[in-house]
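# Geometric and topological summary
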Number of protein chains: 2
Amino acid sequence: MQYCEMSKEELLTLKNELDKQYTEAKAKGLKLDMSRGKPSATQLNVSLGLLDAINSTSDLTAEDGMDCRNYGGLDGIPEAKKLMADMMDTTPEHVIIYGNASLNIMYDQVSRAYTHGLLGNTPWCKLDRIKFLCPVPGYDRHFAITERFGIEMINIPMSVNGPDMDMVEEYVNNDPAVKGIWCVPKYSNPQGFTYSDDTVKRFANLKPAANDFRIFWDNAYIIHHLYENQQDTILDIISECEKAGNPDMVFEFASTSKVSFPGSGIAALAASEANIADIKKQLTIQTIGHDKINQLRHVRFFKDINGLNAHMMKHAAQMRPKFEAVLEVLNTELSGLGIGTWYAPRGGYFISFDAMQGCAKKIVAKCKEAGVKLTSAGATFPYGNDPEDSNIRIAPSFPTPEEMAQASDLFVLCVKLVSVEKLLETK
Amino acid sequence: MQYCEMSKEELLTLKNELDKQYTEAKAKGLKLDMSRGKPSATQLNVSLGLLDAINSTSDLTAEDGMDCRNYGGLDGIPEAKKLMADMMDTTPEHVIIYGNASLNIMYDQVSRAYTHGLLGNTPWCKLDRIKFLCPVPGYDRHFAITERFGIEMINIPMSVNGPDMDMVEEYVNNDPAVKGIWCVPKYSNPQGFTYSDDTVKRFANLKPAANDFRIFWDNAYIIHHLYENQQDTILDIISECEKAGNPDMVFEFASTSKVSFPGSGIAALAASEANIADIKKQLTIQTIGHDKINQLRHVRFFKDINGLNAHMMKHAAQMRPKFEAVLEVLNTELSGLGIGTWYAPRGGYFISFDAMQGCAKKIVAKCKEAGVKLTSAGATFPYGNDPEDSNIRIAPSFPTPEEMAQASDLFVLCVKLVSVEKLLETK
């Protein structure tokens, strides 16, 4: 029976029962963290071999003869470009290898546009107003970067096929202040949606009012499948933009943060020839180049894209039971109650839950009170403001499957309790 | 006999002889590079053990219990902070550990001042005019950063005790547009001078007209001695600034680029409590933190400051003969001729040579023609413009000592030849 169909008396009875359960749950003294897309220690063990891939007896020469121990190689060693290009489904000439994380690259791209402008366009710091489109729910660290630079953020609703492209086209093609859009196109954060071919093609065929409009295509989860035989696929945005006559319109980002080790991986940017040349001119001023030994370490360990994919199945084997534990509880406990919706992703790091309007903050607070930490409600929206107060991001990776089941039990209890209280307000 | 005392006839005879020698030298087909402060492959071998310091069986837990393989630790692991603090002669609470090079930190500090301002001051991009003082000769990559941001650079002459402090005080204490000064205070690039105690104290006691004036104290060569028993020392700028009531006035930089491996080392910034807090707020937006496994690798390999210092003596053993080879040739061939001055540094990576006015470009060109590559003349000055066309930076690290001797022979020949030609112009 849907909660909204219950009478006041039924809701009160239910509330009493849930209150009792909640008191019992609190007494268990749980201390679980579902707040961050952070691998567990066990999961990190699958990458330990990386640390043996290079030692003092290794040949430390790159394919092009460069001594990886010395200065040089501003844009990365050839074999690392190839590996990351294959990961992103593009070709090495589109790729620059960076340091240990792609977030820095994104920050840099916004910061450089702000200070110096992109491909000869006016630096954003000289303009009165800059806007970014933000598909929501989305990734808080994207929004934090644009907020930091005083960029106005506009919410764009997501569907299972990607952002609302009618809205995206309307804004991008008509408003020259719209300079960018944040995208996590595959296994999106937090919903796990993958942009459809039609969505990608509509992106590639935008006709931006601003010359320096850029799609910030954060392919963070491009090879982060949960299943061997049920995998989402996505079109290559770089070649789609080329075909559409918009080669310079996209910056693509990826890293091995959740492939090898978070913080000790390698990251990459992919873009058009003109963008790459523009960026390299800047990089010469900014850095002596990134860690080539770590690049070599990654190539020696993973060998090629097949090695990468095989490695990701080891991660999947650990992640899958955790996702399934959450989904099992959600399906069993919440199906048919009309107090929340969710989606079973085939990859990525998150499960997104939409509670009844006005309930997310209270649910997160109730969970916290009973020892289960969730991402703050609102964090998946620009300015931390979910206008519906509905979306909650669940990160199943860090706890064990057993802990995830416990945490999920508490979560659904809190969802029920807060929903009942909400419904009672209007009775 | 000084060249300037020679008659026209003597000079012409000498020129004939030198021309002949130069033709012979060219015929040797040398191919040597003295252009960059780049360690040789043999020198890099002394650090190979670093690559064995961590493997898959290592304990990867930092002193504070953090799993170095995972997210977290924005400002570095405690033991890396301690190591780099000891290197910089400061304390860990002043230190943030960064990625693989200090150049990025310097760029970042300028870029952030430009986009967001320092400690609440107006962002530099909102001001009409920003100036930096540049002790000359200096480091081209410093000047490239400030040039990139459209910052006006003002030459400050160097002496063996450091920059001309009368000029520095005059500018800094009176002109609010002066926001910074680039310093390489120990074994300076390229002269190898070390700032005297008096110079450091005068720096610490500046009374800047601008609240957001900062000393960019690039301690790149702080432990890069050439000798075990003849080592320059320098006062700690951080504590001197504290004592003088100017705690926030300095950003200090250091790295292991020329300690372990260029491009695969760790870098650090040291600053006051207020600056560190301000920077960490920004770092949270910009990065997920730097490579903690590489931090741990460095700490496990070097252990402590004693380990670092012992390691630097291995570098010194390789660098010393190269420096001495150059100095031997300079002393033997050029002493008393009045056509150049130089200094025998006790550390660092360079020997600086001042030719007769108007000769540097021609000397570098002549060397290049005969197969010896030197840093471009002018590179040691802002905008690549040495007003005297006199300074040449010699980087002895990359070739072997024998090659250095050969290259130096050619160098002094070119100095003589160009000087004679110069003197003949006025006869």
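Residues numbered from 1 in each chain as written. Chains lettered and ligands numbered in written order. Predicted model: local features only at pLDDT ≥ 70, side-chain atom pairs only at ≥ 80, totals over all residues. Heavy atoms only, no water.

When helices and strands are counted, chain A shows 13 helices and 13 strands. Over its C-alpha trace chain A gives a radius of gyration of 23 Å, about what one expects of a compact globule, namely 22 Å for 427 residues. Seen through its C-alpha atoms, chain A measures out along the principal axes to roughly 75 × 55 × 35 Å. Residues classed as buried in chain A amount to 62% of the 427 residues present. Restricting to contacts in chain A with at least 6 residues of sequence separation, those with at least 24 account for 77%. (Helix = DSSP H or I, 4+ residues; strand = E, 2+ residues; numbered from the N terminus. Rg over C-alpha atoms; globule rule 2.2 N^0.38 Å. Buried < 20%, exposed > 50% of the residue type's maximum accessible area, 1.4 Å probe, protein only. Contact = heavy atoms within 4.5 Å.)

Quick look at the interface of chain A and chain B now. Taken together, the contact between chain A and chain B spans 56 residues of the former and 56 residues of the latter. Taken together, both faces of the contact between chain A and chain B bury some 5,000 Å²; the carbon and sulfur share is 51%. Summed over the three residues of chain A that lose the most area to chain B, namely Arg69, Tyr71 and Arg148 of chain A, the buried surface amounts to 16% of that side. Where chain A meets chain B, there are zero salt bridges. Run the count over chain A and chain B and you get 27 residue pairs in polar contact (both at pLDDT 80 or more). Contributions of two or more residues to the side of chain A that touches chain B are made by α2 (41-45), α4 (102-115), α5 (140-148), α9 (273-286) and α10 (292-302) of chain A. (Buried area = accessible area lost by both parts, 1.4 Å probe. Salt bridge = Lys/Arg side-chain N within 4 Å of Asp/Glu carboxyl O. Polar contact = N/O pair within 3.5 Å; in protein donor to acceptor, adjacent residues only side chain to side chain.)

A few words on the packing of aromatic side chains. All names here are of chain A. Across all of its chains, the model carries 34 aromatic pairs over all chains by this definition. The interplanar angle of 85 degrees and the centroid separation of 5.5 Å between the aromatic rings of Phe216 and Phe251 together place this pair among those described as edge-to-face. Of this pair, Phe216 sits in strand β7 (residues 214-218) while Phe251 sits in strand β8 (residues 250-255), and the two are 35 residues apart along the sequence. Grouping residues by exposure puts Phe216 and Phe251 together as buried. Through pairs of rings, three or more aromatic residues link up here, namely Trp124, Phe132, Trp182, Phe216, Phe251 and Phe253. When the ring centre of Phe398 is taken as reference, the NZ or CZ atom of Lys38 above it lies at 5.1 Å. (Phe/Tyr/Trp six-rings, centres within 6.5 Å; stacked < 30°, edge-to-face > 60°. Lys NZ or Arg CZ within 6 Å of the ring centre and 35° of its normal.)

Okay, the relation of the copies chain A and chain B next. For the pair chain A and chain B, the relating rotation is 180 degrees, the translation along its axis is 0.0 Å, and the fit reaches an RMSD of 0.0 Å. A rotation of that kind, with that shift, is consistent with a two-fold axis. Here 100% of the contact residues of chain A are again contact residues in chain B; the copies associate through an equivalent surface. (Least-squares fit on C-alpha atoms with pLDDT ≥ 70 in both.)

Next up on the list: helix α10 (residues 292-302) of chain B. A turn of α-helix holds 3.6 residues, and therefore any two residues three or four places apart point the same way. With nine of its 11 residues buried, α10 of chain B lies for the most part within the structure. Among the residues of α10 of chain B, Lys292, Ile293, Asn294, Gln295, Leu296, Arg297, His298, Val299 and Phe302 of chain B are the ones counted as buried. Buried residues belonging to α10 of chain B abut α10 of chain A together with α3 (78-88), β2 (95-97) and α11 (305-334) of chain B. A distance of 3.1 Å separates the backbone nitrogen of Ile293 of chain B from a side-chain oxygen at the start of α10 of chain B, and that oxygen is part of Asp291 of chain B. Immediately downstream of α10 of chain B, the backbone of Lys303 of chain B shows phi near 70 degrees, a positive value.

Turning our attention to the pairing of strand β3 (residues 131-136) of chain B. Along any regular strand the residues' side chains alternate between the sheet's two faces. All names here are of chain B. Burial analysis of β3 places six of its six residues in the buried class, which makes it a mostly covered element. Residues Lys131, Leu133 and Pro135 point to one face of β3 and Phe132, Cys134 and Val136 to the other, with burial holding for every one of them. Handedness of the β3-helix α5 (residues 140-148)-strand β4 (residues 152-159) crossover: right-handed. In this sheet, strand β6 (residues 178-183) lies alongside β3 in parallel orientation, the contact comprising three bridges. Residue pairing across strands places Leu133 opposite Ile181, the latter belonging to β6. (Right-handed = clockwise from strand over helix to strand, strands pointing away. Pairing = 2+ DSSP bridges.)

All right, on to the side chain of Ser111 of chain A then. For Ser111 of chain A, the position within the fold is in helix α4. In this structure, Ser111 of chain A is in contact with Phe149 of chain A together with Ser111 and Thr115 of chain B, ignoring residues within four places of it in sequence.

A few words now on the sheet that holds strand β5 (residues 162-163) of chain B. Residue and element names in this part refer to chain B. Read from one edge to the other, the open sheet built from eight strands follows the order β2-β9-β8-β7-β6-β3-β4-β5, with strand pairing classed as mixed. The sheet is open, and its two borders are formed by β2 and β5, each paired with just one other strand. With six bridges joining them, β3 and β4 adopt parallel strand pairing. Residue pairing for β4: Lys131 is matched across the bridge by Glu152. The strands touched by α3 within the sheet are β2, β8 (250-255) and β9 (267-270), with β8 carrying the most contacts at an inclination of about 105 degrees. Across the sheet, helix α9 (residues 273-286) touches β2, β7 (214-218), β8 and β9, and the angle it forms with β2 is around 25 degrees. (Axes fitted to C-alpha atoms, helices over the stretch in contact; angles between N-to-C directions.)

This part covers the confidence of the model for chain A. Looking at chain A, the pLDDT average stands at 97 and 100% of residues meet or exceed 70. At the level of chain-chain contacts, confidence expressed as ipTM amounts to 0.97, with global pTM at 0.97. (pLDDT = per-residue confidence, 0-100.)

What follows is about the environment of Leu327 of chain A. Residue and element names in this part refer to chain A. Structurally, Leu327 can be placed in helix α11 (residues 305-334). With 15 residues separating them along the chain, Leu327 and Trp342 place their C-alpha atoms 8.6 Å apart. When neighbours within four sequence positions are excluded, Leu327 is seen to be in contact with Trp342, Tyr343, Ala344 and Ile351.

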